[in-house]
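Take a look at the letters that make up each chain.
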Amino acid sequence: MQTNQKLQQRKQKVIARGQGNLAPVFIKKAKNAELWDVENNHYIDFGAGIAVTNTGHCHPQIQQAVKDQIDSFSHTCVMVTPYENSVELAERLVELAPGTSEKKAIFVTTGAEAVENCIKIARAHTRRRGIIAFNGGFHGRTNMTMGLTGKITPYKQLFGPFPNDIYHVPYPIDYHGISETQSLEAINSLFKTSIAPEDVAAIIIEPIQGEGGFYSASTSFLKSLRKICDQHGIVMIADEIQTGFARTGKMFCMEHHNVEADLMTMAKGMAGGYPIAAVVGKTEIMDAPLPGGLGGTYAGSPVACAAGLAVIDIIKNEKLIERAVQIGREFQIHLDKLQRESGGLIGEIRVNGAMIAMELVKNGDANQPNPELTSKLVSKAYEKGLILLSCGSRSNVIRFLPPLTIESELIEQGLEILNNCFPDLV
Ligand SMILES: Cc1ncc(COP(=O)(O)O)c(C=O)c1O
């Protein structure tokens, strides 16, 4: 019989360690929010492949859309001979993107590419070089996006040099004692010491930091950034790769703030696991690059476009935006109780729809992160049948990203497993 252990050994022989895996379990089957490995062990999925299968694993409507598409054709290259579903998906995304400005879209294949393309478009539009990003931010693993990312290990270590003209400022995080005023002052100080605002092409921000630890920017902070961008002709980019597609209780997170970015990224939850990403933004900015300057061989694959259209319908028909809010409430009740009983091991709990985090600390102190407990908890959880993810610039945050189609009973069961992990670890 095939075993996880044998597969892990085979994997280690042929796949470089840089592409690590969180849990040494090899999945054979998945259905909605449940996974089964090659040994038939069962797991409740609180990770959704890192916020990708928001619509659940193997949703029948997505399966059908993909089957129908591959029966017609799987690739012609959207830049050679395009097809209707790419236009239709762009029409839907442009309509759904927050804000009232006229918009256009482009398709690429991964989140990192979407971010890279935002930078290209912002530079072409402004004819400027500088980019401002945030400490703790994560934007991908290509050279430009590594440069933008604000966490060294493991994302940047050993990989430099990075592109020039990227400047990092602190992300406002009350829990860590970083105020909005400090963040804004850091930007103003950059303008005096490092780069003139007239040389800055873009400011890129995740409205909720993903890998960074699920810290949210407030409405007032995002409005202040909007003001700085307007004042100096800087392009505001919202990286919604992790927060998009109903995850936070709105289709896109920026809707919570009523702030319209100039460009935004979309990926992950966009097509239920089929690789596709997009940049959507204001028409006059999106049209700055020359024809042929944007794209990629697999950009806007017809199979992924078919899946993407199904995802949008499912979110609407199954009311997944409302469901995300409800999921957040269900987690909140349970995690608050767990926190009270944890003897100071659980610090802040952050609930933004179904983008939920709990920070593990020592003695209830925000300044004493507990990364050891965090990694032990992730391991213990999968041993007991629960897939959990960690994150955080201090590696001490458990993030919960269940499919938005998850049943409440399964949430209960998963959280019960979480409870049962603690006595084994402390
Ligand atoms: C906010 C954000 N930006 C960019 C990326 C990179 O996306 P990808 O891994 O598809 O390249 C991620 C992935 O986790 C992300 O969360």
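Criteria and thresholds
Residues numbered from 1 in each chain as written. Predicted model: local features only at pLDDT ≥ 70, side-chain atom pairs only at ≥ 80, totals over all residues. Heavy atoms only, no water. Near = heavy atom within 4 Å. Polar contact = N/O pair within 3.5 Å; in protein donor to acceptor, adjacent residues only side chain to side chain. Areas by Shrake-Rupley, 256 points an atom, 1.4 Å probe, with all protein chains shown as cover. 1 Å grid on protein atoms, 1.4 Å probe; cavity = no way out; pocket = protein on both sides within 12 Å on 5 of 7 lines; lining within 4 Å. Points joined across faces, edges and corners; volume = space filled by probe spheres on them. Helix = DSSP H or I, 4+ residues; strand = E, 2+ residues; numbered from the N terminus. Nonpolar A, V, L, I, M, F, W, Y, C, P; charged D, E, K, R; others polar. Pairing = 2+ DSSP bridges. Contact = heavy atoms within 4.5 Å. Core = buried A, V, L, I, M, F, W, Y, C linked by side-chain atoms within 4.5 Å. Buried < 20%, exposed > 50% of the residue type's maximum accessible area, 1.4 Å probe, protein only. Phe/Tyr/Trp six-rings, centres within 6.5 Å; stacked < 30°, edge-to-face > 60°. Lys NZ or Arg CZ within 6 Å of the ring centre and 35° of its normal. Axes fitted to C-alpha atoms, helices over the stretch in contact; angles between N-to-C directions. Parallel < 35°, antiparallel > 145°, perpendicular 65-115°, else oblique. Left-handed = near helix turned anticlockwise from the far one by under 90°.

Side note on the site of the ligand
In step 1: Around the ligand, a shell composed of Thr110, Gly111, Ala112, Phe138, His139, Gly140, Glu206, Glu211, Asp239, Ile241, Gln242 and Lys268 is seen.
In step 2: A distance of 2.8 Å separates an oxygen atom of the ligand from a polar backbone atom of alanine 112.
In step 3: Phenylalanine 138 has a polar backbone atom sitting 3.3 Å from a nitrogen atom of the ligand.
In step 4: Look at the ligand: alone it shows 390 Å² of surface, and the protein chains cover 84% of it.

A closer look at empty space enclosed by the protein
In step 1: The tally for this structure, following the rule as stated, stands at one cavity of 30 Å³ or more.
In step 2: In terms of lining residues, the largest cavity is bounded by 13 residues, among which Pro98, Lys103, Glu260, Ala261 and Met264 are the most central.
In step 3: For the lining of the largest cavity, the secondary-structure elements that each account for two or more residues are β9 (263–266) and β10 (277–282).
In step 4: Tallied by class, the residues present in the lining of the largest cavity amount to nine nonpolar, one polar and three charged.

With respect to the sheet that holds strand β14 (residues 386–387)
In step 1: In spatial order, the strands read β1-β2-β3-β14; together these four strands make up an open sheet with mixed pairing. Edge positions in the sheet fall to β1 (27–31) and β14, since each has one partner strand and no second.
In step 2: Alignment of strand β2 (residues 34–37) against strand β3 (residues 42–45), held across three bridges, turns out to be antiparallel. Counterpart to leucine 35 in the pairing with β3 is tyrosine 43.

Considering the layout of surface pockets
In step 1: Of the pockets and cavities examined, the second largest pocket occupies roughly 640 Å³.
In step 2: What lines the second largest pocket is a set of 22 residues, among which Val78, Ala105, Ile106, Phe107 and Leu294 lie closest to the centre.
In step 3: Listed by contribution, the elements that provide at least two residues to the lining of the second largest pocket are α4 (84–96) and β4 (103–108).
In step 4: Here the lining of the second largest pocket gets five residues from one element, more than from any other, and that element is α4.
In step 5: In terms of residue class, the lining of the second largest pocket is made up of 15 nonpolar, four polar and three charged.

Brief notes about the environment of valine 235
In step 1: Considering the arrangement of structural elements, one finds valine 235 in strand β8 (residues 235–239).
In step 2: Sequence spacing of valine 235 and glycine 177 is 58 residues, and the spatial spacing of their C-alpha atoms is 28 Å.
In step 3: Those residues in contact with valine 235 that sit more than four places away from it in its chain are Ala122, His125, Thr126, Ala201, Ala202, Ile203, Cys229, Asp262, Leu263 and Ile285.

Describing the nonpolar core
In step 1: Counting residues in hydrophobic clusters, the biggest one holds 102 residues, and the most contacted among them are Met358 and Leu418.
In step 2: Element by element, the count of residues in this core is highest for helix α10 (residues 302–317), at eleven residues.
In step 3: Filtering out sequence-adjacent residues up to four positions away, leucine 418 remains in contact with Leu335, Leu338, Met358, Leu377, Leu386, Leu388 and Phe400.
In step 4: Ile131, Ile241, Leu263 and Ala267 belong to the second-largest nonpolar core, a separate cluster that totals 26 residues.

Some points on the packing of aromatic side chains
In step 1: Tallied over the full model, the rule gives eight aromatic pairs.
In step 2: Here the aromatic rings of phenylalanine 134 and tyrosine 171 are separated by 5.7 Å at their centres, their planes lie at 85°, and the arrangement is edge-to-face. Of this pair, phenylalanine 134 sits in strand β5 (residues 130–134) while tyrosine 171 sits in the loop between β6 (166–169) and α7 (180–193); the two residues are 37 residues apart in sequence, bridging distant segments of the chain.
In step 3: Looking at tyrosine 171, the relative accessible area reads 2%, which means it is buried.
In step 4: Here a set of aromatic residues connected by ring pairs shows up, and it is made of Phe46, Phe331 and Phe400.
In step 5: Stacked on the ring of tryptophan 36, the Lys or Arg lysine 29 has its end atom at 4.7 Å from the ring centre.
In step 6: Stacked on the ring of phenylalanine 162, the Lys or Arg lysine 156 has its end atom at 5.2 Å from the ring centre.

Description of the side chain of glutamine 242
In step 1: By secondary structure assignment, the location of glutamine 242 is in the loop between β8 and β9.
In step 2: Side-chain polar atoms of glutamine 242 contact the side chain of arginine 399, separated by 2.8 Å.

Notes on the sheet that holds strand β7 (residues 200–205)
In step 1: Strand order in this open sheet of seven strands is β4-β10-β9-β8-β7-β5-β6, and the pairing throughout is mixed. The open sheet has two free edges, formed respectively by β4 and β6, since each of these has just one partner strand. Across this sheet, the average inter-strand angle for adjacent strands is 20°, counted without regard to direction.
In step 2: Here β9 runs beside β10; their pairing, made up of four bridges, is antiparallel. Following the sheet pairing, leucine 263 is matched in β10 by glycine 281.
In step 3: Packed onto the sheet, α7 meets β5, β6 and β7 and runs at close to 145° relative to β6.

Notes on the pairing of strand β12 (residues 355–362)
In step 1: Summarising burial for β12: seven of the eight residues are buried, a large majority.
In step 2: Of the strand pairs in this sheet, strand β11 (residues 346–352) and β12 are connected by five bridges, and their pairing is antiparallel. Its bridge partner being in β12, isoleucine 346 is matched across the sheet by leucine 360.
In step 3: Joining the antiparallel neighbours β11 and β12 is a turn of two residues, in which glycine 353 adopts a positive phi near 60°.
In step 4: Inspection of the sheet shows β12 paired to strand β13 (residues 365–369) by two bridges, in the antiparallel sense. Looking at the pairing, lysine 362 lines up with aspartate 365 of β13.
In step 5: Once β12 ends, the chain turns through two residues before running back antiparallel as β13, passing asparagine 363 with a positive phi of about 55°.

Digging into the packing of helix α12 (residues 371–383) against helix α13 (residues 408–425)
In step 1: Packing of α12 against α13 leaves a shortest axis separation of 9 Å and a crossing angle of 125°. Here α12 lies oblique to α13, going by the angle between them. Between α12 and α13 lies a crossing whose hand is right-handed. Residue-level inspection shows Leu373, Lys376, Leu377, Lys380 and Ala381 of α12 in contact with α13, the latter providing Ile417, Leu418, Cys421, Phe422, Asp424 and Leu425.

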